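Chain by chain, the residues:
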2 protein chains.
Amino acid sequence: MTRILYGLCGRDAGRPFSPHVWKTMMAMAHKGLDYRLEPVPFTAVPEIEGGATRTVPYLADGAERIVDSFAIAAYLDQAYPDKPSLFAGAEGPARLVESWSQTVLHPAIARMALLDIHGLLAEKDQAYFRESRERAFGRTLEEVAAEGEGERTAFAGRLEPLRRTLGYQPFIGGQTPLFADYIVFGALQWLRIAGGPVPLEAGDSVALWFERCLDLHDGLGRSVPAA
Amino acid sequence: MTRILYGLCGRDAGRPFSPHVWKTMMAMAHKGLDYRLEPVPFTAVPEIEGGATRTVPYLADGAERIVDSFAIAAYLDQAYPDKPSLFAGAEGPARLVESWSQTVLHPAIARMALLDIHGLLAEKDQAYFRESRERAFGRTLEEVAAEGEGERTAFAGRLEPLRRTLGYQPFIGGQTPLFADYIVFGALQWLRIAGGPVPLEAGDSVALWFERCLDLHDGLGRSVPAA
C-alpha cells in the first residue's frame, strides 16, 4: 500500500513551506508511517484525483481520502491506534491550540512573509496568489507586507502563552510532543522556510522549543534549510 | 472523609470570585465529589493549616494536600480515575489553554475589575490588596483601572481563538467539557461576579458557550449572581 500526501509546493518542489503540510509531515513521522509526498502548486490543487479536493494537505491512504491537517491527524490516531498517539485521547483542547495559532500567529506570519512566499512560487501561481490574497486582504500584497516590520517586533510577545507553558514542560504535549506541538511548529517552520529567521532571541524558551521540534524524527524539520 | 477546599473570599463569604477557586469548584462538581468550601480572606491565607500554603485553592482530601488549581485537577484525575475525566488523558495542551488565559485574558480582566475586586474585600484585605497589586503593577489601582474601558472594547477580540474553536465543537473539551473549559470559564466568571457583565454581544458564540458553562452541574456557576 502506498500512501500519498498531496502538499503545496512552490517553484522548487523540494522546499515545502505550507504550515499545514508541515503539520501533516510531522504527524506522519510521529506515527512512523511511510508515504510519498506529492508536491502540488497552488493552481494544480483542483486537479488532484480529478477534482477530489479544493485544499491540501490531502492524504490518500489505501481506500481512505482525508483532507485538512487536523482531520488527517484525527484519522491517523483512529486508523493506527497502536502507533504513538497524536492527541493522547483529547482532541478538543488541541483545537484551541490550532485556533490560537490560526488567529494570532498566522496573520502575523502572513504579513512578515507574504512577499517571500510570492517569490517562491512559479509564475502562474504568483498570479493566482496575488489575486486571491489581495481580494482577501482588500489591499495589495505590498501594502500588507508593509506591516511586516511591526509584526516582527511584536512576534515574541504574541508567543507568551507558549513561553509560559514551556515553564512547566518541554513540549505543548507535556514531556513528549503531540499534534498540538506540530500545529505551532508548522507556523514557525512556514516562517523559517519562506521568510527567513524567526524573530526570537536565541535563549528564548520558545526558540529552544522550536530547535527541539526541528530535531524531532531524525531532524525532519531541518531537512529543508531556512530561507 | 470530609474534603475541604480552601478558597479566597471577600467580605461576603457567599460570593467566591477567584477564577482559580471557580476552576476547582467546577472540577470537583465534574468529578461528582463532595467537599466543604472554606472561605479564606487574602490576609488569612498564611494561617491555613498552620502555614501550609501561601496560595489558594488548597485542597485537603483525607491525608492528601494539594495546592494550585491545575495541580488539584491533575490530582483528581489520578486519585479518582473512575469518575469523569478532567483531562481525558492529555494534560499538556490544557497547560497552553491555561497559559493563554493567564497571559491574555487575566491581565485584561484585572484592568476591568480591579477596583470592583477591591470593593468586595474587607478593610484589612483591601489594604493588603492595594499594597501588593500596586507594587506588582508599579502604579496605583486607579491608574491601572483607567485602562479598563479600553480593555472592555478589546475583550471580544481577545477571545477569537475560543470563538474559532467553538465553530468546531460546543466545548473546548470537544462534545463535552473538560478542565480546559473550566480554566477559561473561571476567568469569565471572575469578571461576571466581581466586575459585572462580560462585554460580549448576546449572540456571540463565546457568550453562548459561557451560558452553557453556567448551566453545567445543576447551574453551579449561576449559584452566585452576577455583580
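Quick caveat: nothing in here was measured; it's all calculated off a predicted structure.

A look at the domain arrangement of chain A
Residue and element names in this part refer to chain A. With domains assigned, chain A is organised as domain 1 (4-79) and domain 2 (92-223). Contacts between domain 1 and domain 2 engage 21 residues on the former and 33 residues on the latter. Both sides together, the interface formed by domain 1 and domain 2 hides about 2400 Å², and carbon and sulfur atoms give 71% of it. Here domain 1 and domain 2 share 0 salt bridges between them. Scanning the region where domain 1 abuts domain 2 turns up 7 residue pairs in polar contact (both at pLDDT 80 or more). Those elements that place two or more of their residues in the side of domain 1 that touches domain 2 are α1 (19-31) and α2 (69-79). Considered class by class, the residues forming the side of domain 1 that touches domain 2 number 13 nonpolar, 5 polar and 3 charged.

Some points on the UniProt feature "domain: GST N-terminal" (unreviewed entry) in chain A
UniProt feature "domain: GST N-terminal" (unreviewed entry): in the numbering of this structure it lies at residues 8-84 of chain A. Taken as a whole, residues 8-84 of chain A contains 31% helix and 21% strand, while its terminal C-alpha atoms sit 26 Å from one another.

What to know about the packing of aromatic side chains
Any pair of aromatic rings gets described here by the distance separating the centres and the angle formed by the planes. A full pass over the atoms with the stated rule returns 17 aromatic pairs over all chains. Ring geometry for Tyr6 of chain A against Tyr58 of chain A: centres 5.7 Å apart, planes inclined by 50°, an arrangement best described as tilted. Linking Tyr6 of chain A in strand β1 (residues 4-9) with Tyr58 of chain A in strand β3 (residues 58-61), this pair joins segments that are 52 residues apart in sequence. Its relative accessible area of 11% is what places Tyr6 of chain A among the buried residues. For Tyr58 of chain A, a relative accessible area of 4% gives the class buried. Summarising the aromatic geometry, the rings of Phe70 of chain B and Phe179 of chain B are spaced 5.9 Å apart at their centres and angled 80° between planes, so their arrangement reads as edge-to-face. In this pair, Phe70 of chain B sits in helix α2 (residues 69-79) while Phe179 of chain B sits in helix α8 (residues 179-195), placing the two residues 109 residues apart along the sequence. The same class applies to Phe70 of chain B and to Phe179 of chain B, which are both buried. Aromatic ring contacts, followed pair by pair, group Trp22, Phe185 and Phe210 of chain A into a single cluster.

What to know about the pairing of strand β4 (residues 64-67) of chain B
All names here are of chain B. By the bridge criterion, 4 bridges tie strand β3 (residues 58-61) to β4 in an arrangement that is antiparallel. From the neighbouring strand, Leu59 faces β4, where its bridge partner is Ile66. Between β3 and the antiparallel strand that follows it, β4, lie 2 residues; Gly62 among them carries a positive phi value of about 60°.

Examining the relation of the copies chain B and chain A
The transformation that overlays chain B on chain A combines an axial shift of 0.0 Å with a rotation of 180°, and the residual RMSD is 0.0 Å. The transformation relating the two chain copies, once decomposed into turn and shift, fits a two-fold axis. Of all interface residues in chain B, 100% are interface residues in chain A too; the two copies therefore contact each other through one and the same surface.

Describing helix α9 (residues 205-219) of chain A
Residue pairs spaced three or four apart in an α-helix point in one direction, given the helix's 3.6 residues per turn. Residue and element names in this part refer to chain A. For α9, the complete set of buried residues consists of Val206, Ala207, Trp209, Phe210, Cys213, Leu214, Leu216 and Gly219. Where the residues of α9 are buried, they touch α1, α7 (160-165) and α8 (179-195). Sitting at the head of α9, Asp204 places a side-chain oxygen 2.8 Å from the backbone nitrogen of Val206.

Describing the sheet that holds β3 of chain A
Strands pair in a sheet through their backbones, by hydrogen bonds, and they do so in one of two ways: parallel or antiparallel. Residue and element names in this part refer to chain A. With mixed pairing, 4 strands are arranged side by side in an open sheet as β2-β1-β3-β4. The sheet terminates laterally at β2 (36-41) and β4 (64-67), the two strands that pair on one side only. Sheet twist, expressed as the average angle between the axes of neighbouring strands with direction ignored, equals 20°. Sheet topology places β1 next to β3; 3 bridges connect them, and they run antiparallel. Across the sheet, Ile4 pairs through a bridge with Ala60, a residue of β3. Running over the sheet, α1 touches β1, β2 and β3 and is turned about 150° from β1. Sitting on the sheet, α2 touches β3 and β4, and the angle it makes with β4 is about 140°.

Overview of unusual backbone geometry
All names here are of chain A. A cis geometry characterises the amide bond from Val56 onward to Pro57, with omega recorded as 5°. Within the element layout of this structure, Pro57 appears in the loop between β2 and β3. The phi angle at Ala88 is positive, at roughly 50°, despite the residue not being glycine. Secondary-structure assignment places Ala88 in the loop between α2 and α3 (92-120). According to the relative accessible area criterion, Ala88 is partly exposed, its value standing at 30%. Here His217, not a glycine, exhibits a phi torsion of approximately 50°, which is positive. Along the chain, His217 falls in helix α9.

A short note on the pattern of salt bridges
This model, assessed by the stated rule, comprises 32 salt bridges over all chains. The salt bridge involving Arg111 of chain B is made with Glu147 of chain B; its shortest N-O contact spans 2.6 Å. Separated by 36 residues along the polypeptide, Arg111 of chain B in helix α3 (residues 92-120) and Glu147 of chain B in the loop between α5 (141-145) and α6 (148-158) bring together distant segments of the chain. Classification of Arg111 of chain B by relative accessible area gives buried; the value is 16%. For Glu147 of chain B, a relative accessible area of 30% gives the class partly exposed. Among the charged side chains, a salt-bridge network with shared partners connects Arg95 and Glu98 of chain A together with Arg164 of chain B.

Comments concerning the side chain of Gln189 of chain A
All names here are of chain A. Mapped onto the elements, Gln189 comes out in helix α8. Engagement of the side chain of Gln189 in a polar contact is seen with the backbone oxygen of Gly221, the distance being 2.9 Å. Gln189 has contacts with Trp22, Phe210, Leu214 and Gly221, leaving out every residue within four places of it along the chain.

Definitions and limits used
Residues numbered from 1 in each chain as written. Chains lettered and ligands numbered in written order. Predicted model: local features only at pLDDT ≥ 70, side-chain atom pairs only at ≥ 80, totals over all residues. Heavy atoms only, no water. Domains from an automatic or database assignment. Contact = heavy atoms within 4.5 Å. Buried area = accessible area lost by both parts, 1.4 Å probe. Salt bridge = Lys/Arg side-chain N within 4 Å of Asp/Glu carboxyl O. Polar contact = N/O pair within 3.5 Å; in protein donor to acceptor, adjacent residues only side chain to side chain. Helix = DSSP H or I, 4+ residues; strand = E, 2+ residues; numbered from the N terminus. Nonpolar A, V, L, I, M, F, W, Y, C, P; charged D, E, K, R; others polar. UniProt positions renumbered as here; feature names shortened; annotations may be inferred. Phe/Tyr/Trp six-rings, centres within 6.5 Å; stacked < 30°, edge-to-face > 60°. Buried < 20%, exposed > 50% of the residue type's maximum accessible area, 1.4 Å probe, protein only. Pairing = 2+ DSSP bridges. Least-squares fit on C-alpha atoms with pLDDT ≥ 70 in both. Axes fitted to C-alpha atoms, helices over the stretch in contact; angles between N-to-C directions.

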